[in-house]
Amino acid sequence: MGNYFRTVPKGPLEETLINFLKTRKLQHINDCIEMINDSYPTKSTLILDEYLDVFGGILEEWTEQVFILLENNNSAAGQVDIYESLAVIIVFCGEEFNTKLQFIYKMFDFDQSGEIEKKELIMTLQTSIRALCKIAKLQTPELKDLEYFAEKMFVQLDSDRSSSISFHEFSIWLLNSWELQDFMLQYALIQTFENADRRAKERRIFFQKLYESASGGVNQQYCDADSIKTLFLTELKEQKKETIELLIEILIQSTKIHQQHDEQNQQYPNGILKEAYEDIMAAWSAFDASDINSDNQTSIQELKFLLYAYEGDKPDLFRIKEEMKILDKDNSGYVSREEWIQYLCVEDKGKFQFRGNLKQLFNKYDKDNSGALSILEIKQLLTDNMKDMQTKFKLKGQSDNFEEMVAQLAQEVVDDLNSEDDKQSNDRTLTWIEFKNYMDQAVLKLHKLKEFLKSI
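On a predicted model such as this, the values are computed, not experimentally measured, just so you know.

Peer 1: Before we go on, may I ask you to explain the overall build of the protein in this structure?
Peer 2: Looking only at helices and strands, one finds 23 helices and 10 strands in the protein. Taking all 456 residues of the protein together, the buried fraction comes to 49%. Here the analysis covers contacts within the protein between residues at least 6 apart in sequence; of these, 61% occur between residues at least 24 apart. Total accessible area on the protein is roughly 22900 Å²; 48% of this is exposed by carbon and sulfur atoms.

Below you can see the structure in the form of structure tokens.
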């Protein structure tokens, strides 16, 4: 099947239909299965009227078009396979990938043994792959070819030689079959956390090689901004020139921040520091990995993959919704690449300086994923960053004084940033926007405080 996964489709992908199918839920499919069992228990195929009866409720205005796509001769006068019809909705629906896998696994476990045998795996793959291909307008593979592929796959999956496949064996194989995952991503717009993470890592390696090419070697810590810009304009042709210019400006400004703390490296006024470059391009690569249709914007459905590819943790629904509110500045319903990168930056007099490491710090201490740090969470952050001082106070028997000082500092941070309305409403928290804009001053204040404490 390796060559088949690189097949050219017969027509453009019907993205409107795909996006509609992504709004469907597995609970609706259970209604269809119940109706099939009650009204058509002996049938394996349906004519159009029967199809409308079973699937009209879940497919709505798309019912007849899906029927025609699934019918072997693309005709409304023919018949469609019941299992292909179910597989289409399961594969494309908006549930988590692992949830869909479990549903398909149970549906084709005909003897309800809890494991899939070879004949059940053959039918699973024949139905799911043929259904996906028909919707994606790809030439459907022959049944015998799919049977051969399934038999080879069965040998690989049956690691304990039990002549059956557990769900664990089934899911591990699918989640690590990058060729199949890329196929689903390209033709079904189906993304997984695992694939998003892999794609982000591949993009980071790509950008690392660009830096080495621009700087002249693996060990070079600086490269000329014009050199990297030239490579970006050549390699990133899908990006607007203004986007590339914004990226270069952020790279330069972020390098300057690093140089403020290292006088030895201030001799590169138009240089880009490798450390700053890697931080920023990690965020850029995460966006590449999650932008599944390459339109330079992510929907709220794609945002979870963006956050995971960048941070390494799966966000919950509350976190996704809160991040979307902040990120989507123009209320378009999407997050643009520019909005994502600027979200991780501090803006100073129209200049953007990248602060991705601060976002990771913020997330670490936002224990309840509320999108804001409480005074207790800020106290914990300050305490953890002053552990060396805490040890010194303990040795002097002044632990209580240390706790009091940290509590006072946390209160000052919140008071400095909260508006009068916040103070009156007892909303004593820091949002990410407030946190990132204040941290430059806070780090300086903390540094001075540490220097003072060392002297006492």
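Structure's up, so let's keep going.
Peer 1: Sorry if this is basic, but what is going on with unusual backbone geometry here?
Peer 2: With the exception of glycine, most residues fall at negative phi, and the peptide bonds are largely trans. The backbone phi angle of E60 is positive, close to 50°, even though this residue is not glycine. Tracing the backbone shows E60 in the loop between α3 (48-59) and α4 (63-70). Its relative accessible area of 40% is what places E60 among the partly exposed residues. Even without being glycine, Q112 reaches a positive phi, approximately 55°. Along the chain, the position of Q112 falls in the loop between α6 (97-107) and α7 (118-135).

Peer 1: Honestly, α7 in this entry has me stumped. Any pointers?
Peer 2: Helical geometry note: an α-helix holds 3.6 residues per turn, so side chains three or four residues apart project in the same direction. Spanning 18 residues, α7 covers 26 Å between terminal C-alpha atoms, matching the ideal 26 Å at 1.5 Å per step. Of all the 18 residues making up α7, 15 are buried; the element is thus mostly covered by neighbouring parts of the structure.

Peer 1: What is the right way to read the environment of E323 from this model?
Peer 2: Structurally, E323 is set in helix α16 (residues 317-327). Residue classification places E323 among the buried positions, given a relative accessible area of 4%. Taking the C-alpha atoms as reference points, E323 and W432, separated by 109 residues in sequence, lie 9.7 Å from one another. Polar contacts involving the side chain of E323 include one to the side chain of R319, which spans 2.6 Å.

Peer 1: Where do I start with the packing of helix α15 (residues 300-311) against α16 in this structure?
Peer 2: When two helices pack together, their arrangement is given by the angle between the helix axes and by the axis-to-axis distance. As a packed pair, α15 and α16 sit with axes 10 Å apart at the nearest point and diverge in direction by 95°. Here α15 lies roughly perpendicular to α16, going by the angle between them. Contacts from I300, L303, K304, L307 and E311 of α15 reach α16 at R319, I320, K321, E323, M324 and L327.

Peer 1: Can you help me understand the UniProt feature "domain: EF-hand" (unreviewed entry) in the protein in this one?
Peer 2: Per the UniProt annotation, the sites labelled "domain: EF-hand" (unreviewed entry) are residues 96-131, 315-350 and 353-388. In the segment residues 96-131, helix accounts for 69% and strand for 0%; the C-alpha atoms at its two ends are 19 Å apart.

Peer 1: Before we go on, may I ask you to explain the packing of helix α11 (residues 193-215) against helix α14 (residues 274-290) in this structure?
Peer 2: The geometry of α11 relative to α14 is characterised by a closest axis approach of 8 Å and an angle of 140° between their N-to-C directions. Between α11 and α14, the angle falls in the class oblique. Between α11 and α14 lies a crossing of right-handed hand. Seen from α11, the contacting residues are A196, R199, A200, R203, R204, F207, L210 and Y211; seen from α14, they are K274, Y277, M281, A282, W284, S285, A286, D288 and A289.

Peer 1: I would appreciate a short explanation of the nonpolar core in the present structure.
Peer 2: The tendency in soluble globular proteins is for nonpolar side chains to be buried as a group. Formed by 70 residues in total, the largest nonpolar core has its most connected members in Y51, F55, F92, L121, I135 and F170. Counting residues in hydrophobic clusters, the runner-up holds 56 residues, among them I228, L247, L251 and F354.

Peer 1: Can you help me understand the pattern of salt bridges in this one?
Peer 2: Should their charged atoms come close, side chains of opposite charge can pair. In this structure the tally under the stated criterion is 15 salt bridges. When the shortest N-O distance is used, the salt bridge between R24 and E60 registers 3.3 Å. Taken together, the residues span a long stretch of sequence, with R24 in the loop between α1 (15-21) and α2 (26-39) and E60 in the loop between α3 and α4 at a distance of 36 residues. A salt bridge links D288 to R203, with the nearest nitrogen and oxygen atoms 3.0 Å apart. Here D288, found in helix α14, pairs with R203, found in helix α11; they are 85 residues apart in sequence, far enough to count as distant. Look at D288 and you get buried, because its relative accessible area is 11%. Where salt bridges share partners, they join E84, R130 and K134 into one cluster.

Peer 1: What am I meant to see in the environment of A276 here?
Peer 2: Within the fold, A276 resides in helix α14. When the C-alpha positions of A276 and T255 are compared, they lie 5.8 Å apart, and in sequence the two are 21 residues distant. Leave out the neighbours within four places in its chain, and A276 touches L251, S254, T255 and H258.

Peer 1: Can you walk me through the confidence of the model for the protein in this structure?
Peer 2: Low pLDDT means the predicted atomic positions in that stretch should not be read closely. Scored by pLDDT, the protein has a mean of 82; 80% of the residues are at 70 or more. Ranking the helices and strands of the protein by mean pLDDT puts strand β1 (residues 45-46) first, with 96, and helix α22 (residues 420-424) last, with 50.

Peer 1: Explanation requested: the packing of aromatic side chains in the structure shown.
Peer 2: Ring pairs (aromatic) are described by centroid distance and by the angle formed between their planes. Counted according to the given criterion, the structure contains 18 aromatic pairs. Centroid distance Y83 to F108: 5.6 Å. Interplanar angle 40°. Geometry classified as tilted. Taken as a pair, Y83 in helix α5 (residues 82-92) and F108 in the loop between α6 and α7 lie far apart in primary sequence, 25 residues in all. The class of Y83 is partly exposed, set by a relative accessible area of 24%. The exposure class of F108 is buried, given its relative accessible area of 0%. Every member of this aromatic cluster is reached through a ring pair, and the members are F206, F207, Y211, F232 and Y277. For R337, the ring lying beneath its charged end belongs to W284, and the centroid distance is 4.4 Å.

Peer 1: Even after reading the chapter, I still don't get the side chain of R199, so can you show me in this structure?
Peer 2: Mapped onto the fold, R199 is located in helix α11. In this structure R199 is buried but unpaired, with D182 as the nearest side chain of opposite charge at 4.8 Å. Of note is the side chain of R199, whose polar atom sits 3.2 Å from the backbone oxygen of A289. When near neighbours in sequence (up to four residues on either side) are disregarded, R199 contacts D182, L185, Q191, D288, A289 and D291.

Reading guide: rules and limits
- Residues numbered from 1 in each chain as written.
- Predicted model: local features only at pLDDT ≥ 70, side-chain atom pairs only at ≥ 80, totals over all residues.
- Heavy atoms only, no water.
- Helix = DSSP H or I, 4+ residues; strand = E, 2+ residues; numbered from the N terminus.
- Buried < 20%, exposed > 50% of the residue type's maximum accessible area, 1.4 Å probe, protein only.
- Contact = heavy atoms within 4.5 Å.
- Areas by Shrake-Rupley, 256 points an atom, 1.4 Å probe, with all protein chains shown as cover.
- Expected span 1.5 Å × (residues − 1).
- Polar contact = N/O pair within 3.5 Å; in protein donor to acceptor, adjacent residues only side chain to side chain.
- Axes fitted to C-alpha atoms, helices over the stretch in contact; angles between N-to-C directions.
- Parallel < 35°, antiparallel > 145°, perpendicular 65-115°, else oblique.
- UniProt positions renumbered as here; feature names shortened; annotations may be inferred.
- Left-handed = near helix turned anticlockwise from the far one by under 90°.
- Core = buried A, V, L, I, M, F, W, Y, C linked by side-chain atoms within 4.5 Å.
- Salt bridge = Lys/Arg side-chain N within 4 Å of Asp/Glu carboxyl O.
- pLDDT = per-residue confidence, 0-100.
- Phe/Tyr/Trp six-rings, centres within 6.5 Å; stacked < 30°, edge-to-face > 60°.
- Lys NZ or Arg CZ within 6 Å of the ring centre and 35° of its normal.
- Lys, Arg positive; Asp, Glu negative; His and termini not counted.

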